[in-house]
Protein chains: 4
Amino acid sequence: MPGNSFGHSFRITTFGESHGPAVGVVVDGCPPGIPLAEEDIQRELDRRRPGQSLIASARQETDAAEILSGVFEGVTTGTPIAVLVRNEDARSRDYAAIKDLFRPGHADYTYLAKYGVRDYRGGGRASARETIGRVAAGAIAKKLLGYEGVSVLGYTCQVGDVKMPTMERMTLEQVEASPVRCPDPETAAAMENLIKQVRSERDSIGSAVEIVARGVPAGLGEPVFDKLKADLAKALVSVPAVVGFEYGSGFAAVPSRGTQHNDPIIRRQTGSGGAPVIGTRTNNAGGMLGGISTGEPIVVRVALKPTASIPQPMETVDTQGNPQTIVTKGRHDPCLAPRFVPIGEAMVALVLADHLLRQRAIRGTE
Amino acid sequence: MPGNSFGHSFRITTFGESHGPAVGVVVDGCPPGIPLAEEDIQRELDRRRPGQSLIASARQETDAAEILSGVFEGVTTGTPIAVLVRNEDARSRDYAAIKDLFRPGHADYTYLAKYGVRDYRGGGRASARETIGRVAAGAIAKKLLGYEGVSVLGYTCQVGDVKMPTMERMTLEQVEASPVRCPDPETAAAMENLIKQVRSERDSIGSAVEIVARGVPAGLGEPVFDKLKADLAKALVSVPAVVGFEYGSGFAAVPSRGTQHNDPIIRRQTGSGGAPVIGTRTNNAGGMLGGISTGEPIVVRVALKPTASIPQPMETVDTQGNPQTIVTKGRHDPCLAPRFVPIGEAMVALVLADHLLRQRAIRGTE
Amino acid sequence: MPGNSFGHSFRITTFGESHGPAVGVVVDGCPPGIPLAEEDIQRELDRRRPGQSLIASARQETDAAEILSGVFEGVTTGTPIAVLVRNEDARSRDYAAIKDLFRPGHADYTYLAKYGVRDYRGGGRASARETIGRVAAGAIAKKLLGYEGVSVLGYTCQVGDVKMPTMERMTLEQVEASPVRCPDPETAAAMENLIKQVRSERDSIGSAVEIVARGVPAGLGEPVFDKLKADLAKALVSVPAVVGFEYGSGFAAVPSRGTQHNDPIIRRQTGSGGAPVIGTRTNNAGGMLGGISTGEPIVVRVALKPTASIPQPMETVDTQGNPQTIVTKGRHDPCLAPRFVPIGEAMVALVLADHLLRQRAIRGTE
Amino acid sequence: MPGNSFGHSFRITTFGESHGPAVGVVVDGCPPGIPLAEEDIQRELDRRRPGQSLIASARQETDAAEILSGVFEGVTTGTPIAVLVRNEDARSRDYAAIKDLFRPGHADYTYLAKYGVRDYRGGGRASARETIGRVAAGAIAKKLLGYEGVSVLGYTCQVGDVKMPTMERMTLEQVEASPVRCPDPETAAAMENLIKQVRSERDSIGSAVEIVARGVPAGLGEPVFDKLKADLAKALVSVPAVVGFEYGSGFAAVPSRGTQHNDPIIRRQTGSGGAPVIGTRTNNAGGMLGGISTGEPIVVRVALKPTASIPQPMETVDTQGNPQTIVTKGRHDPCLAPRFVPIGEAMVALVLADHLLRQRAIRGTE
């Protein structure tokens, strides 16, 4: 079983290398009748694209999305939706010098160990460019979720030691207002300064992103391996540079007590048909119990390692095993969180769309 | 797609509720010719079993494993291996009182929201007893991995604020020497004291477990969604009470710099056929780059929330939405890490066995 | 990917060898709230069991089904339903003599070629006994389908050259009235006589079974690989001894013309909400167009080869490749159709249950 | 689970409608290091293309294949291979007249019943054009199989009542020598005449295709649901217009006796390492026992219904349920076998490639 597909009922398959002709995705299982246009996809791709500010990579990509199938007269038809993005600014000459070297922190050696051959141009399939297919598919998932009243919003919550304070509900506009995608203006400014400083030192820095999904109905997630928390973990950790995942209290639960951690259960309101809608007073559970959504907001967080590509000499070996020094050239973000935000949102949206459809198979729409 | 199966080439399906007739697992895809006896499975089940010390639950379970298929004349045949464990000490009368109540921190409400019906006896499928199937399957995976030179070892690395110091390589004997399964005797004693204190306060406490796999060949893990790190994240987060996952540097990478974090690449030795064996000087990557194993030890860590079942009154509602107070009776571990160790090892072993076979499909055994 | 699972949303995994401790099945994805008792399963297993008449094998098996999980207070809970059947009459001494011989028409050689080891007792996993898990799971699928108004009925339509005449709708009682399971009494008698004659000649004979599903709503089946016709083909051809599959006109379409073959489309009635219910005047399409159900009866047929085990000397070799003569002893049906009927029904029911749930994922229950 | 993917270890996903921008396929799991060029794919697409002779459809399509990913410096890299074919001659105006009508023998009504919306231009996803992705992927599978010594060859064995005589081994050149793709020149001429006559009568006719795979090693196929015969059945029956499948003796086994049907087992030769290579004197089993390959040629046959699109008035209804008469215009083959040959070969190749890799996961390449 190869690994380029994700999801079961809402299932995507991505393809493409950073310096090949194109990257793209096939979305299989999107329900029919959802209005969908290329602009819906383009908007999210534009958020993902580098070169948007001084703190990000300068690679000029237009990343124009073309829908090849699955949409007719402006709505989805239920058949596979293929989205294609041509690679335009593929300067493969940049990479000839490192053809026989393994870049520290990159997948160069592991791809060679795995396959025996390697597309050495810019990371090939391990490039961040692979996430274009994820973001395009996530845009479609977001459309579907929107019709069900579900929203997904991410933001940079930590860069280096600079952490965002606790905020009540925030908006997409607040997030997009700063190039670091932190909705708190003061923290955003501090993060931006730190990133600039790191860049001036020819270094990179780690970061963290939090993603919140609201309006998720109770009951999503499949016992026991495909728990919602497990699929969210896989979805997010599968993104390049993600080195940690937590939800709700997460690692902060380790030093905590059960009396503090258990969320008291309350009656939120009366639902349709008079049935009570249950909720919790606190949300240490991050919106999931037993791996199934509670109806409270889903809250997840990921840790991103510092960008591996830094313009400083690093110790490595060549394919013959001889010691070498390498300096990664090219254009690289010193901090990954800002560009990760739309990618992380896409992965969360894909998991939720999949589980929404899987739950329908069990109980219908009732 | 229901969620009770895990893995692709080495694939398991578990079944059973805590208070039904039995729990068990079907392992499909185990290669033929592996010596396997019920004792191999029983040994791991015994490690998982509660009631082993003063700090753990007092439920008396023998958990005797019976192999129903897939083994002939002492070796695996390539056909499905079904393992059955009867439930013996199922005091379902303990649970009648909470039939109409939702226990905080438990999956009672979410199962009802998902399915419309609920097996209210002891958590049903959401019970920790479900992990028996995982551990039994993991024992088989460990046998397979053992033939390939791969070992998997877990240990409690933190209970509350008590953290284990950095240790070089440790042994199963060191881990099993203490009831908390911490290989450092001094830390183990401190952890044990803390757990006893928490228990005396009728409370519970969070914890963390680290798992290390050694001897994993470079090249395991499938780009891009089924990265080894992603499948490990899913496998471990799918276990009840796991609220966070990280590998290598993990969340500690957030405040770090690229110049510190990138592991320098070195030549370890000369392999068979004269090809160089590549390694890294440090292992911040936790043995994976691009989600593919590097050949260095795989190092993962999980956060476990405090046990939800505590003998104190908690605020909740009943199925009608009326406010109620609940006190969870029964026998519960105040700290989950010690019993999680064999479960976590099993999940890591299952992921590695699966990817070992998946890699063979791509390249054969060469 | 091993091959002991079938279906996606309604998914089964079978296990067990003919002479091991037990055979069984895990059904994952059955919706909650379906009344289910062991008798529902036992009834179908009893239909499958050999030793029911003079024309069938004399092996005495009680095949008592035990439900191990997934049912609580008489209804399904949505969690996996495991069904166990112990092997009781496993005379493995019968098989020691053929330990090193390959039986013609059996899977002895191919299992050895595949796995390098072989459970030589009675065919092991390739035994007809493996179908117990299918029939048990099919009984559950039938319960689910019954709630949706779908019925599945099979019957022997040909034995050797004896063919059943075209019949309008028939009943389970008519089918079960004869040991050959042909609903036309005259044909049934002729078939029975032919089978007895073949048996007296120490030979076996081929046969065919037709299965009809009524009440299947239009719209089931997934373009393009998981067409309903394709999944039915796979489901039925996966059963031992099935050597051909056709639906609707089938192979009779080869010498036909399009003007005869196209089914004229008509308005059947007015459905709920005033929408027209569409049907076809004839049903050459066997209830499927584009691999999706039309609402007309689904009609499929399979060819069964003559029983491979016959009490006559046959030419073979041993595991060393030396020429040998083998006479299969033991108790074997000379014609497979009668016992295949409940197995074939089970496979059709499993496909329909799966696609019913898959369609719900796409459109809900609306 | 949507249905646009096929295979497990060698897995394809197709996309595209007949009158949308493009059709294509993503092949995931192709091993690295296989030389592959666009010409390898183009050659097979050219065989599939209509408009090649008087007896076939006149639609002019160049169907130029573009490889978008997964190939670097002329060899596969192990990453997904995406192949794109633009739709060029998409005269969607031809179809406006039938927008609200259901064509008999077509999937118009069933797609609408399934999805609630329908791409009415030329069958949309149910068009024969969908098979382009299958043929492109099959070309890649053939390359892989070629390196393993496996060949796959199909031919038209029956048109209407005209059957091909039994032939010993035939070649691709013999098959391609006639526009009907029958390797026996005399039969080919008779078939061609029959097709011309049928066309002149504004009618269509059924046909059958046989496909033979040689060099398949013993041991391919997964017990019990993913038997090689079962996956071949599914693969072939999933193609539009296929209404029957059989292998080896097939339906001819129904009137046969076990004494005739069992293939005597013989020693073929001495293999590497001195182990005997086992074979069978006859091949009624079509190269598979227990659903696992025996090493003898795999022989399968399919029945194809007469082309549904015929230029004669047919009885139907419109979307409102009103009776209507429809005459299908456009360009259609009166007999489907000739164009099916490369499609059927592709499906067989895909199944064999998948099972070749799956067997490696179990036993390595040894």
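Residues numbered from 1 in each chain as written. Chains lettered and ligands numbered in written order. Predicted model: local features only at pLDDT ≥ 70, side-chain atom pairs only at ≥ 80, totals over all residues. Heavy atoms only, no water.

A. Expanded view of the side chain of T77(A). Structurally, T77(A) can be placed in the loop between β6 (75-76) and β7 (81-86). When its relative accessible area of 6% is taken as the criterion, T77(A) is described as buried. A distance of 2.7 Å separates the side chain of T77(A) from the side chain of T79(A), its partner in a polar contact. In this structure, T77(A) is in contact with P32(A), G70(A), V71(A), F72(A), Y115(D) and V117(D), ignoring residues within four places of it in sequence. (Helix = DSSP H or I, 4+ residues; strand = E, 2+ residues; numbered from the N terminus. Buried < 20%, exposed > 50% of the residue type's maximum accessible area, 1.4 Å probe, protein only. Polar contact = N/O pair within 3.5 Å; in protein donor to acceptor, adjacent residues only side chain to side chain. Contact = heavy atoms within 4.5 Å.)

B. Examining the relation of the copies chain D and chain C more closely. Each copy superposes on the other: chain D lies on chain C with an RMSD of 0.0 Å after a rotation of 180° and an axial shift of 0.0 Å. In symmetry terms, the pair is related by a two-fold rotation axis. A share of 100% of the interface residues of chain D reappears at the interface of chain C, consistent with the copies meeting face to face through the same patch. (Least-squares fit on C-alpha atoms with pLDDT ≥ 70 in both.)

C. Expanded view of helix α2 (residues 108-115) of chain A. Buried residues dominate α2(A), accounting for six of its eight residues. Against the buried residues of α2(A) lie β13 (276-280), β14 (288-289), β15 (292-293) and α8 (337-363) of chain B. Where α2(A) ends, the next residue or the one after it, G116(A), has phi of about 80°, a positive value.

D. The interface of chain B and chain A, seen in detail. Taken together, the contact pairs 111 residues of chain B with 111 residues of chain A. Together, the buried faces of chain B and chain A total about 8600 Å²; carbon and sulfur atoms form 59% of this surface. Of all residues in chain B, K114(B), F225(B) and R257(B) bury the most surface against chain A, accounting for 10% of the area lost on that side. The interface formed by chain B and chain A includes twelve salt bridges. Put simply, D226(A) and K234(B) hold a salt bridge, and the shortest N to O gap is 2.7 Å. Top contributing element to the side of chain B that touches chain A by residue count: helix α2 (residues 108-115) of chain B, with seven residues. Per-class residue counts for the side of chain B that touches chain A are 51 nonpolar, 36 polar and 24 charged. Direction of pairing for strand β11 (residues 242-247) of chain A relative to strand β11 (residues 242-247) of chain B: antiparallel, over a ladder of three bridges. Paired with G244(A) across the two strands is E246(B), which belongs to β11(B). (Buried area = accessible area lost by both parts, 1.4 Å probe. Salt bridge = Lys/Arg side-chain N within 4 Å of Asp/Glu carboxyl O. Nonpolar A, V, L, I, M, F, W, Y, C, P; charged D, E, K, R; others polar. Pairing = 2+ DSSP bridges.)

E. Up close: the packing of aromatic side chains. In the structure shown here, the tally under the stated rule is 22 aromatic pairs over all chains. With a centroid separation of 5.4 Å and 55° between ring planes, the pair formed by F251(A) and F251(B) is classed as tilted. One end of the pair, F251(A), is in the loop between β11 and α7 (258-261); the other, F251(B), is in the loop between β11 and α7 (258-261), on a second chain. Their ring planes at 35° and their centres at 5.6 Å tell us that F225(C) and F6(D) sit as a pair that is tilted. Here F6(D) lies in strand β1 (residues 5-6) and F225(C) lies in the loop between β10 (207-214) and α6 (228-237), a pairing that spans two chains. A cation sits over an aromatic face here: K114(B) above Y115(B), 5.8 Å from the ring centre. (Phe/Tyr/Trp six-rings, centres within 6.5 Å; stacked < 30°, edge-to-face > 60°. Lys NZ or Arg CZ within 6 Å of the ring centre and 35° of its normal.)

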